[in-house]
Amino acid sequence: MQFDVFTLLPEVFPAYLNSSILKRAQQNGHLSVDIHNIRDWTHDKHNVTDDTPYGGGGGMIMKPEPVFEAIEDVIGSPPTRPVILLTPQGRLFTQDVADELARDARDLGLALLCGRYEGLDERIRTHLVTDEISIGDYVLTGGELPAMILIDALARLIPGVLGDENGAANDSHASGLLEGPHYTRPNEFRGWEVPAVLRSGDHGKVDQWRREQALLRTLERRPEMLKKIELSEKDREFLETLNFQP
Ligand code: ADE
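What counts and what doesn't
Residues numbered from 1 in each chain as written. Predicted model: local features only at pLDDT ≥ 70, side-chain atom pairs only at ≥ 80, totals over all residues. Heavy atoms only, no water. Helix = DSSP H or I, 4+ residues; strand = E, 2+ residues; numbered from the N terminus. Polar contact = N/O pair within 3.5 Å; in protein donor to acceptor, adjacent residues only side chain to side chain. Contact = heavy atoms within 4.5 Å. Buried < 20%, exposed > 50% of the residue type's maximum accessible area, 1.4 Å probe, protein only. Core = buried A, V, L, I, M, F, W, Y, C linked by side-chain atoms within 4.5 Å. Patch = residues over 30% accessible without salt bridge, like charges linked within 9 Å, V, L, I, M, F, W, Y side chains within 5 Å. Areas by Shrake-Rupley, 256 points an atom, 1.4 Å probe, with all protein chains shown as cover. Salt bridge = Lys/Arg side-chain N within 4 Å of Asp/Glu carboxyl O. Domains from an automatic or database assignment. Near = heavy atom within 4 Å. Pairing = 2+ DSSP bridges. Axes fitted to C-alpha atoms, helices over the stretch in contact; angles between N-to-C directions.

Asks: For this particular structure, what's the right way to read the side chain of Thr218?
Replies: Here Thr218 lies in helix 7 (residues 203-221). At 2.9 Å, the side chain of Thr218 forms a polar contact with the backbone nitrogen of Leu178. Setting aside its immediate chain neighbours within four residues, Thr218 contacts Leu177, Leu178, Pro223, Met225 and Leu226.

Laid out in structure tokens, this is it:
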């Protein structure tokens, strides 16, 4: 999966991308991330990438020329891969959106444009960007952290990137439910014991317990999620014992 990231802060990316799972994914060829400094496509002495807004008002606006030139130089004109702008005005990033983008990214790769300053010239949005993504209803100083979040969420969906064979299938959100609790050794810690069913060796019982714990946790924390998934007869019976009517 190929990502081209366009940013004014290229130095913030390497520490995260070159650690742990993302590092391994790049080493074994599952993932490739190229970071491009938009400033390299300026032509003036001071490498200016922003300017004051027409019509007045505060804040600085990203100029169109270096952004167009950078993206067209790297991925072609017209661009050969989707160009995603990270902005609080974009559509909300969820696991469903991650799944959708991962499908596109698998075939075409993605270009990610990180906004900075107060905003960017609208012609970038209308004539270059093909999709806009927000990671949540809050405003950050720029799109760099959102770009890393998007790369991280998509990379772990690539088959083989997560070591274990179940991969991402059982994650919170992937199944439409939150995951239940996990335990590891020791069996007793400060008097708190691991639930006996997990040590019973009965895989059927363990699976059933995990399903019930996922349902319970989802009911407690995100009840609206239960309305969106298909529940089995067994699920319904369990939820009824909790006085929840799906
Ligand atoms: N840039 C600033 N805030 C953002 C957000 N919430 N999502 C994506 N990009 C952003």
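Asks: Where do I start with the environment of Phe238 in this structure?
Replies: Tracing the backbone shows Phe238 in helix 9 (residues 233-241). By relative accessible area, which is 15% here, Phe238 ends up buried. Sequence separation of Phe238 and Leu215 is 23 residues, and the distance between their C-alpha atoms is 8.5 Å. Beyond its immediate sequence surroundings of up to four residues, Phe238 is in contact with Glu212, Leu215 and Leu216.

Asks: Explanation requested: the nonpolar core in the structure shown.
Replies: The nonpolar side chains of a soluble globular protein tend to be buried with one another. One finds Phe3, Phe93, Leu101, Leu110, Leu112, Leu150 and Leu154 to be the most contacted residues of the largest nonpolar core, which totals 33 residues. Listed by contribution, the elements that provide at least two residues to this core are strand 1 (2-7), helix 2 (20-27), strand 5 (83-92), helix 4 (95-108), strand 6 (110-114) and helix 6 (144-155). Setting aside its immediate chain neighbours within four residues, Leu110 contacts Gln2, Phe3, Asp4, Arg81, Pro82, Ile84, Leu101, Ala105, Leu150 and Leu154. Grouped together as the second largest cluster of nonpolar side chains are 18 residues, Phe6, Trp41, Ala70 and Leu128 included.

Asks: What should I look at first to understand a nonpolar patch on the surface in this one?
Replies: A cluster of nonpolar residues, Tyr138, Leu140 and Leu145, forms a patch on the protein surface that exposes about 300 Å² of accessible area. By the element assignment, Tyr138 lies in the loop between strand 8 (131-134) and helix 6. Residue class for Tyr138 comes out partly exposed when judged on its relative accessible area of 44%.

Asks: Would you explain the domain arrangement of the chain in this entry?
Replies: When the parts of a complex come together, some accessible area is lost, and that lost area is often used as the size of the interface. Along its sequence, the chain is carved into domain 1 (2-155) and domain 2 (175-241). On a C-alpha basis, the centroid separation for the pair domain 1 and domain 2 is 39 Å.

Asks: In this structure, what is going on with the site of the ligand? I would like to understand it.
Replies: All residues in the neighbourhood of the ligand are listed as Leu86, Thr87, Pro88, Ile133, Ser134, Ile135, Gly136, Tyr138, Val139, Leu140, Gly142 and Pro146. Thr87 is positioned with one of its backbone polar atoms (N or O) 3.1 Å from a nitrogen atom of the ligand. Between the ligand and Gly136 there is a distance of 3.2 Å, counted from a nitrogen atom to a backbone nitrogen or oxygen. Taken by itself the ligand offers 260 Å² of open surface, and the protein chains cover 96% of this. Those elements that provide at least two residues to the shell around the ligand are strand 5 and strand 8. At three residues, the largest contribution of residues to the shell around the ligand is made by strand 5.

Asks: How should I be thinking about unusual backbone geometry in this particular structure?
Replies: Most peptide bonds take the trans configuration, and most residues that are not glycine carry a negative phi. Note the cis peptide between Ser77 and Pro78, where omega equals 0°. Within the element layout of this structure, Pro78 appears in the loop between helix 3 (64-75) and strand 5. For the bond from Arg185 to Pro186, the omega torsion is 5°, close enough to zero to count as cis. With a phi close to 85°, His173 is a non-glycine residue in the positive phi region. Mapped onto the elements, His173 comes out in the loop between helix 6 and strand 9 (188-189). Judged by relative accessible area, His173 falls into the partly exposed class, the value being 38%.

Asks: What is the right way to read the pattern of salt bridges from this model?
Replies: Close approach of charged atoms allows side chains of opposite charge to pair. Counting across every chain of the model gives 12 salt bridges. One salt-bridge network, held together by shared partners, links Arg91, Glu100 and Asp131.

Asks: Any chance you could explain the sheet that holds strand 1 here in plain terms?
Replies: Where strands meet in a sheet, backbone hydrogen bonds hold them as pairs that are either parallel or antiparallel. Reading across the sheet, the five strands line up as 2-1-6-5-8 and stay open at both edges, with parallel pairing between neighbours. Looking at the sheet topology across the chains shown, the edges are occupied by strand 2 (32-37) and strand 8. Mean inter-strand twist for the sheet, computed between neighbouring axes without regard to direction, equals 35°. As defined by bridge partners, strand 1 adjoins strand 2 across six bridges and the pair is classed as parallel.

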